[in-house]
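# Examining the three-dimensional arrangement
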Amino acid sequence: VPKQQSVQLSKTGTVGVLTVNRPPVNAVDAGVRSGLMAGLREAALDTELAALVIVGAGRTFIAGADLSELGAGISNPSYGDTLAAIETFPKPVIVVLHGECLGAGLEIAMACHYRVAITGAKMGLPEIGLGIVPGAGATQRLPRLIGPVAALDMLLSGAPIDAARALDLKLIDAIAEGDPITAGVNYAHNLVASGGPVRPTRLKGVATNDFDDAAIAVLVRAHSKTTKGRTTQRAMIETVKGSVTLPFDEGLALEKTLSDASLLTRESLALRHMFFAERATSAIPSVGKDLKGLPIKAIAIVGAGTMGSGIAMAFGDAGYRVTLVDAQAEGLERGRKIIRSTYEANTRRGRMTAEAAKAATARITPTLDPAAVADADLVVEAVFEDMELKKKVLGQLDRIVGPRAIIATNTSSLAVTELGAATRRPDKVIGLHFFSPAQIMKLLEIVRGDETSNETLATALEIGKRIRKIPVVSADSFGFIGNRMMLDGAFREAEQMMLEGAGVDQIDRAVEAFGFAMGPSRVNDMAGVDIGTLVRRQLMRRASRVDPYCIVSDTLTPMGRVGQKAGKGFYSYSADPRVGELDPEVTGIIERLAAERGITRSVFSADEIVERFVLQLINVGADILDEGVAYRAADIDVVWVHGYGFPRHVGGPMFYADTLGLTHVAERMRYWYDRKGSYWKPSALLERLAAERSSFTNFDRRRT
Ligand code: NAI
C-alpha cells in the first residue's frame, strides 16, 4: 500500500470514517501519520460532518509503532503534531479498537474523544519490554483517563488488558460486538443524537489521591519481571509524576525528553536487539522463503519422561493431536501424572480455564503400544540419553511410520547424523532439542544432521513457530550451540575459578548480580549434577577436552551429591529443600582437586568472576560462529537469553560483547591467555573482527 493510501476517508451519512490500512498490523509510520493528518484536514472542510470515526482495517486496530523508524529517527509529521490534530478536531472523534491496540496504537486512541472496544480487543503499552518510555503522550493521557496508579501499573507491566478491564478502568467508554466500522458509526450517531461534546483528554484533571512513593514502590516490586536490574521504570515514574504536577504541555515536553533519552540507553538497544533477533532466527539461506515444510497433523512422542511429557503438552497446547508412547507402564503412568498435575496447577493459578485444560489433556493419548505411532507425520523421540538405545528406537520407528514422516530426536548431546544413519531416511531425521520444562521454555534448538534435508529443516522451523517456540538452527556438533558454550565456556570456567579459590556461593552471587537468573552451581543442583556428568560423558565420545574440565561436578556425581533431588550437591539442602547452604565437604573436595593439579588459590572479586564467566561465553560463541555451528551472532543471543537465563536487557553474550567493544574483549582475552593459556586462546573470529574494528552486529549484517 503506497504511503498516501495507508489512511482512507469515507463517509456514512453525517459520520466520517478514517480507516488506517497498512497490513499486516497497521503499524504506525510516517505514511500513517501524514495520512491521518490529511484525512483530518479533509474531514474538517466537510461542514456536513457531525462526527469522525477512526478504525483499523483488517484483523486489528494498530499493533504499535513501526520499530524500524526508531533507529533512523522519526520523520515528519511527528507523533505530537498528529495526535494534537486528532485531539483538537472540532467534532467528536470516536476510535474503535479491535484486535491489538498497543503502544502508539493506544496512544492514538487516547488522543481521540471517545473509545469503543470490540470484544476480544487487547490494549497495552509494551514499551517497557523494549526499554523505551512511550513518546506519544501515553504517560500524560493515560493518568488523566484512568488515574496515575493504574497508569503506572500498565506502563510497568507492559502486558495488555482486555476490554472488560479497560471499561472498569474507564480507559474505554463502551464495548461493542461485530464489525468495527458499524460499531463506530452506530456509536457516533447515538453520540450526536444525544449532543455528546468533543472531549479532549488533555483538558481532564488527574486524580492524585492514592499516588505516592509507597504506592509506586509496591508497583515496582509487583513488576519485578520488567523492572529488576533495569532503568526504564525510573523515567516512567518521573513522567507519570509529571502528569500530576505539570500542566499538560509541560508534561508532554518532559515525556519527549525522557523518551528520546530512553532510545539511546544500552538497555533499550539490547532489548530492541533481542526483539529483532527473536524474529530473525528462522531466516536460513538454504531454506529460503519459497521452500515450504511438509504438512504436519499427527504427532507422536516416544518416551513419557520429564521431557516427553513436556513436549507432548507443548504440542497439545498448540492444538495438535499427540500420541505419547512409553515402553514401561510405570513410565507412562509418570507421564500421565506430570501432565495432569501441570494442567491442574495451570488452572489453579488461573493461567488456563478448566475447559481448556480438559481439552488439552484430551488431545494427548498415552499408550504402551509402539504401533500407535504409525500414522504420525512427526515423531519426537525422548527416551533415555543412550546412543545404542536411541539407535534401536529410531530404527524401529523407521519401520513403523509412513515414508514421509519426520523422525526427530530430543537428544541433548548425541550425534544426530549417527542417529539418522540408524534409519533408512537420514534426510528426514533432525534434532529437536527442547529445554526443560518443555511446555514453558521458548527455546527450541533445531539440530541439522549432515544428511538432514532442507525440506525437513523447513518443516521443523514451521512446527517450532506453530508451537510458539523460538527455533534456532544449530549444526550437529559437540553440545550444539547452548551446551557447548555452557560447558566449554562458562560452567567450565566457573569450576576453574572454584579451583583457583572463588567460593561456590560467591560465583553464584556474582553471576546473579550481573543478571543471570541463576548461578552455575544453583543450576547444576536444580538440574541434577549427574545429568551434566552424563551429558559430558556422551560428548567426550565426540571430542576430548583438556583437564581440568568440570571436574568438580564429575567428582560430586559418584559421591551421590547430585543436587536438590538428593538433598546435597554443590550445596547442602537441610532446612529448606530449595535453599542451599555451603558445605565444608564440598570446599574440601575443591581444595583437594586444586592441590592435585598444583593450582594456587587466591582471593576473587565479583568483577573478575563475572568477567571470566562472560568472556568465556563470548569466546566460545565466536568459535561457534566461525565454525558455522550457529548462523548468526543474534541466534546465539537468543539461545542464551531463552535457554540459559542470560539477562535479556543485556542483549545476550554476543550483543554484550559489541557493547563492550570487540577490541576490548580481544585485549582481555589475550590478557588472560598470557596468564592461563589453554581455554583462554582468543577465537580467530574475535581477533579478526577486533582488528577490523568491527562487531558481531556487522558480522550478522553481512550474512543477511
Ligand atoms: P526420563 O528418564 O525422564 O524419561 C525417559 C522415558 O523414556 C522414560 O519414561 C522411559 O520409560 C522411556 N523409555 C525408555 N526406553 C524407551 C523405549 N524403548 N520406548 C519408549 N519409551 C522408552 O528422561 P528425560 O529427562 O525426559 O530425557 C529424555 C531425553 O531428553 C534424553 O535424551 C535427554 O538427554 C533429553 N533432554 C533432557 C533434558 C532435561 O532437562 N532433562 C533437556 C533436553 C533434552
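This text goes with the structure placed above it.
Here's a quick rundown of the structure. (Residues numbered from 1 in each chain as written. Predicted model: local features only at pLDDT ≥ 70, side-chain atom pairs only at ≥ 80, totals over all residues. Heavy atoms only, no water.)

## Comments concerning the site of the ligand
If you check the shell around the ligand, you find 24 residues, and the closest are Met307, Asp326, Glu385, Lys390 and Asn410. A distance of 2.7 Å separates an oxygen atom of the ligand from a polar backbone atom of Met307. The separation between an oxygen atom of the ligand and a polar side-chain atom of Arg334 is 3.1 Å. Coverage of the ligand by the protein amounts to 81% of the 840 Å² it exposes when considered alone. Elements that contribute at least two residues to the shell around the ligand include exactly helix H14 (306-317), helix H15 (329-348), helix H17 (387-400) and strand E15 (429-434). For the shell around the ligand, the element with the most residues is H17, which contributes three residues. When the residues that make up the shell around the ligand are grouped by side-chain class, the tally is ten nonpolar, ten polar and four charged. (Near = heavy atom within 4 Å. Polar contact = N/O pair within 3.5 Å; in protein donor to acceptor, adjacent residues only side chain to side chain. Areas by Shrake-Rupley, 256 points an atom, 1.4 Å probe, with all protein chains shown as cover. Helix = DSSP H or I, 4+ residues; strand = E, 2+ residues; numbered from the N terminus. Nonpolar A, V, L, I, M, F, W, Y, C, P; charged D, E, K, R; others polar.)

## A few points about the sheet that holds strand E5 (residues 100-102)
Strand order in the open sheet formed by three strands is E5-E7-E8, and the pairing between neighbours is mixed. Of all the strands in the sheet, just E5 and strand E8 (161-162) have a single pairing partner and so form its edges. Strand contacts of helix H4 (residues 104-111): E5 and strand E7 (122-124), with the helix running at about 85 degrees to E5, the strand carrying the most contacts. (Pairing = 2+ DSSP bridges. Contact = heavy atoms within 4.5 Å. Axes fitted to C-alpha atoms, helices over the stretch in contact; angles between N-to-C directions.)

## With respect to the pairing of strand E13 (residues 378-381)
Side chains of E13 alternate between two faces, with Leu378 and Val380 and Val379 and Glu381 buried alike. Two elements, strand E10 (residues 298-302) and E13, share four bridges in a ladder whose sense is parallel. Of the residues in E13, the one forming a bridge with Ala300 is Val379. Of the pairings in the sheet, the one linking E13 to strand E14 (residues 406-409) comprises four bridges and is parallel in character. (Buried < 20%, exposed > 50% of the residue type's maximum accessible area, 1.4 Å probe, protein only.)

## Thoughts on the sheet that holds strand E3 (residues 51-56)
As summarised here, the arrangement of the six strands in space is E1-E2-E3-E4-E6-E9, forming an open sheet in which the pairing is mixed. In the strand order of this sheet, the two ends are held by strand E1 (7-12) and strand E9 (174-176), each with one partner. Strand-to-strand twist of the sheet, defined as the mean angle between neighbouring strand axes without regard to direction, takes the value 25 degrees. Inspection of the sheet shows E1 paired to strand E2 (residues 15-20) by six bridges, in the antiparallel sense. Considered in E2, the bridge of Thr12 is made with Val15. Its contacts with the sheet place helix H8 (residues 180-193) against E1, E2, E3, strand E4 (93-97), strand E6 (114-118) and E9, and it is angled at close to 160 degrees to E3.

## Here's the deal with the environment of Leu52
Mapped onto the fold, Leu52 is located in strand E3. On the basis of relative accessible area, Leu52 is assigned to the buried category, the value being 0%. On a C-alpha basis, the gap between Leu52 and Val185 in space is 8.5 Å, while along the polypeptide they are 133 residues apart. Those residues in contact with Leu52 that sit more than four places away from it in its chain are Leu9, Gly16, Val17, Leu18, Leu40, Ala43, Phe89, Pro92, Val93 and Ile94.

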